[in-house]
Every structure is written in C-alpha cells, then in structure tokens.
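Commentary on secondary and tertiary structure
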2 protein chains.
Amino acid sequence: MSDASDPIAILGGTGDQGLGLALRFCKAGRSVVIGSRKEERALAAAEQVRAAVPGADVLGFENATATGKAPIVILSVPFEHTASTVKSVKEVLTPGQILVSMAVPLATAIGDGALRTVGIWQGSAAELVQGLVPKGVPVVSAFQNVSAHRLQHLEGDVECDVIVSGAKEPRARIMELCALVPGLRAVDGGPLANARFVEQWTALLIGLNVRYKVPEGLGFRITGLPEDPGS
Amino acid sequence: MSDASDPIAILGGTGDQGLGLALRFCKAGRSVVIGSRKEERALAAAEQVRAAVPGADVLGFENATATGKAPIVILSVPFEHTASTVKSVKEVLTPGQILVSMAVPLATAIGDGALRTVGIWQGSAAELVQGLVPKGVPVVSAFQNVSAHRLQHLEGDVECDVIVSGAKEPRARIMELCALVPGLRAVDGGPLANARFVEQWTALLIGLNVRYKVPEGLGFRITGLPEDPGS
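Notes on the structure follow.

Rules used throughout
Residues numbered from 1 in each chain as written. Chains lettered and ligands numbered in written order. Predicted model: local features only at pLDDT ≥ 70, side-chain atom pairs only at ≥ 80, totals over all residues. Heavy atoms only, no water. Contact = heavy atoms within 4.5 Å. Buried area = accessible area lost by both parts, 1.4 Å probe. Salt bridge = Lys/Arg side-chain N within 4 Å of Asp/Glu carboxyl O. Helix = DSSP H or I, 4+ residues; strand = E, 2+ residues; numbered from the N terminus. Buried < 20%, exposed > 50% of the residue type's maximum accessible area, 1.4 Å probe, protein only. Axes fitted to C-alpha atoms, helices over the stretch in contact; angles between N-to-C directions. Parallel < 35°, antiparallel > 145°, perpendicular 65-115°, else oblique. Left-handed = near helix turned anticlockwise from the far one by under 90°. Nonpolar A, V, L, I, M, F, W, Y, C, P; charged D, E, K, R; others polar.

Turning our attention to the interface of chain A and chain B. On the chain B side, the residues contacting the 34 residues of chain A number 34 residues. Buried area between chain A and chain B, summed over both chains or domains, comes out near 2,700 Å², and the portion from carbon and sulfur atoms is 69%. Among the residues of chain A in contact with chain B, Phe197, Trp201 and Tyr212 of chain A are the three that bury the most area, contributing 28% of the side total. Where chain A meets chain B, there are 2 salt bridges.

If you want it as structure tokens, here you go:
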C-alpha cells in the first residue's frame, strides 16, 4: 500500500491526459507534482489545477526536479518525447521509485495519423522505457486508454477500465491509484510485455471516437470479471 | 440487408467457437452449413447442433462444398490452418460472397503459448486472408473476442462487443449477423486493417481469463457509444 501522503509526479502534466490525471488526483485529495520541460509551463498547469480544484495540493517543476519528489512518477508525454524524457530524468530516478508509462506509439510520432501505430523493437513503449531506466526502477504500464476529455471534466465519471501491467508489487500499487478516479477500474494486465495490447487499443479507440462522433472519447469495460477483481 | 433465408456457412464449425456460432445462429432460426476438412466430422457437428437446438436447420459438408452453399462464409479454424483452408476453398469462392475471418494469430501456431501472438507480414490474419481470396470476395473481420464457452451455453447471453472491420457494405452485413446472438453488439471497426487491434486483444483476454480464473471467458464492451451505434 502506497502512503496516501506521498505526492504523485506527472511528467508531461501540462498535456491533456497528464493534466486530467493531475486534476483527478488532486480532487481525490492527493498531492501532485507536475513536471514539464519548462518550469514555467509546469507552474502554469499547477495554477490551472488549483483554479479547478480549490485547495489542490499541487506544485510545478522542471521534469527532473519533479521526478525527485515522488515515489510514483507517471510519464505522460507524447510518444516522440518518451525516450528523451526518460533519459533526461534517469539520473534522478532511484531504486524503489515506480515509473508509469502511458505512452502509446501512435504513428503521429512519424508524421502519420493517430489511427495507426508504429512498431516498437522492444515490443511496446513500456518495455522501451523499462530498457532506459536504472536497475531497481520498475516500469508499470497504465492509463493509455483513458479519455483526456473525460478526465478533465470533473463533474462526470470516466467509465473505463485501466489495464495495468508490470511486476506484481508495483503493479498492485498503481492499481490502487485507479480507485482515486470515479469510474476507473483497475484490471490486472499481467507482465509488462502485455502493455503492447493496451497501447495498440488506444489507436482503435481513437478511430471509434471518429467513426461514432464521440469527441469526449470512448472507453471500455472487461465483462464477466469476478465482482471484486482485486490485484 | 442479407436475406434471412440464406444459409450461413461456418468452416471449422466443428471447433469450439465455430460450433458455438452454429448453435446460436440455428437458435435464432437461421440455416447453417457446417464445413470441416472431413465430411463425417461436419455431419457429427450438425447432429450435435440438432440435439441442442430442436428443429435446427443445419447440414454438414466438406469445407469446399460448404463454401459453395452460402453467401456468407465464416472461417473458424485454428490460425495454423487458416491459409491452407482458404487455399482449399478459393476455387469455389465467387465474387459477392463474403468471407469472415475470425483468425487470431496466437503463438500456439508455432508451439508457443496462447497469451502471445506471432507477427503477420500483412498486418493481421484478416489481411493475410484477403490476400488469398479471388478478386471480388470481400473479407470481413469479426467474432475473434467472443468466448466459445459462452456461445455454446445457450441459456446465457454472451455479453461482448464484436468489432467488425472491412469494406463498408460487407461490414454492415456482418454487423447484422451479430444481432442474432443475445448479448452480442456489433461495433463499426472501420477498415480491414484494424483487424490487427482486435486479433491481438484476444490474447490479452485469454491472459485475463487465466489471471481472474474465469474459464467461461471474459468479454468487453466499448463505453460511451451513442445509444444506437448503427453501422
């Protein structure tokens, strides 16, 4: 069980999905540290969170500084900045910290569209990230399929399952985080290599958003799970 | 709109999932033609359907004969037999017939496990199949994620979305078929290339079945769709 007084760092917390998570975690009473490549952008995002969530406990820093301030660090940058962001903070990461990969290898990274993906040599973006971090820092894959729009609109529930993949103990800690957001349900996605299934699914959901004209974003639920999935 | 008096052919209708679809389509009052590599196995499966669904309109034939008897032909054979089965019936396929691919490239095809997949040069098993059929025969991808166990247990609903991919008109015809099975809902999966997302998802669901100990098989629902998805 992670300590509820520990802050949660969100690198790329100025982007749509990272900001959405920052809002939701603050609304749940958790302390959040927003990271960005530029400190002033992180500070502006923190201000935005405080405006939406009165009393929010949120700070903004440059990515490496933010990384040093929390036992759980969520990586929420566009895929094309994923590897460079990890490299820029790896000196700060220490064994026992958990790095959460939300990266989706959309083909937008190479100037193509968001309905397609690029192949990742390591199998998934999460495994690519795992290959870049120091020994003793587990990477957990989560949150890729969650609509940024629904995260940011605090009046509604998010209505989406979050398939969480990684080693057992860190995976369980990230599964606990999902319960902070109304409507999110954590599903045990097994080993990190399964991140590839979840990362690909995002591109399918983006296509469904377009075909069904749901700009606020669709989600999904696994059906038939035992009543209390647990970890 | 396909004619409700037309039979539906199911190649590999002796296998768990194909037999499940045969049972459900017969229960819905449709005429079914079961195909198998060996005619006697197809006849035995047809007998099994008649035993479970009194009055079922079902016949059994060798695959090529079955293929000649229906405007919609569903391919429900293990992945390692997909290409050879298509090649064995391609002389019988005529323009306008629709071939439905349920194939999932599970790594069991190469002696590895069902929680992993093999890469397909063409992008997906459905596109591999499309490359093997005569011109004018559209391939539609569907039914990969539907639990065989739940299909076969006629007393329950199946509770799963079916993401249907392919060219517009044949896709719409296969989406109509989903409505024959209580609990199945068709979702417009766009072009055939999107089959890759759906085929991969099956391996994730198989892993979830194991981790959550749900031998009857999990499904999934897309959340946030407009009330009447349509095609």
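That covers the picture; the talk isn't over yet.
Here Glu159 of chain A, not a glycine, exhibits a phi torsion of approximately 50°, which is positive. Topologically, Glu159 of chain A is positioned in the loop between helix H6 (148–152) and strand S7 (160–164). Glu159 of chain A sits in the partly exposed class, given a relative accessible area of 37%. Residue Lys213 of chain B is not a glycine yet carries a positive backbone phi of 55°. Following the sequence through the fold, Lys213 of chain B ends up in the loop between helix H8 (195–211) and strand S9 (219–223). What makes Lys213 of chain B exposed here is its relative accessible area of 70%.

The relative placement of two packed helices is expressed as an angle between their axes plus a distance between the axes. Residue and element names in this part refer to chain B. At a closest axis distance of 10 Å, the pairing of helix H1 (residues 16–27) and helix H2 (residues 39–52) adopts a crossing angle of 45°. When the axis of H1 is compared with that of H2, the two are oblique. In this structure, the crossing between H1 and H2 has a hand that is right-handed. For the pair H1 and H2, contact is made by Leu19, Ala22, Leu23 and Cys26 and by Ala45, Gln48, Val49 and Ala52, respectively. Of the residues in the contact of H1 with H2, the class split is 7 nonpolar, 1 polar and no charged.

Should their charged atoms come close, side chains of opposite charge can pair. All names here are of chain A. Counted by the stated rule, this structure contains 16 salt bridges over all chains. We note a salt bridge from Arg116 to Asp112, for which the minimum N-O separation is 2.9 Å. As a salt-bridge pair, Asp188 and Arg171 come within 3.0 Å of each other at their nearest N and O atoms. With Asp188 in strand S8 (residues 184–188) and Arg171 in helix H7 (residues 168–178), this pair connects stretches of sequence that are 17 residues apart. Looking at Arg171, the relative accessible area reads 10%, which means it is buried. Connected through shared salt-bridge partners, Glu159, Asp161, Arg185 and Arg221 make up one network.

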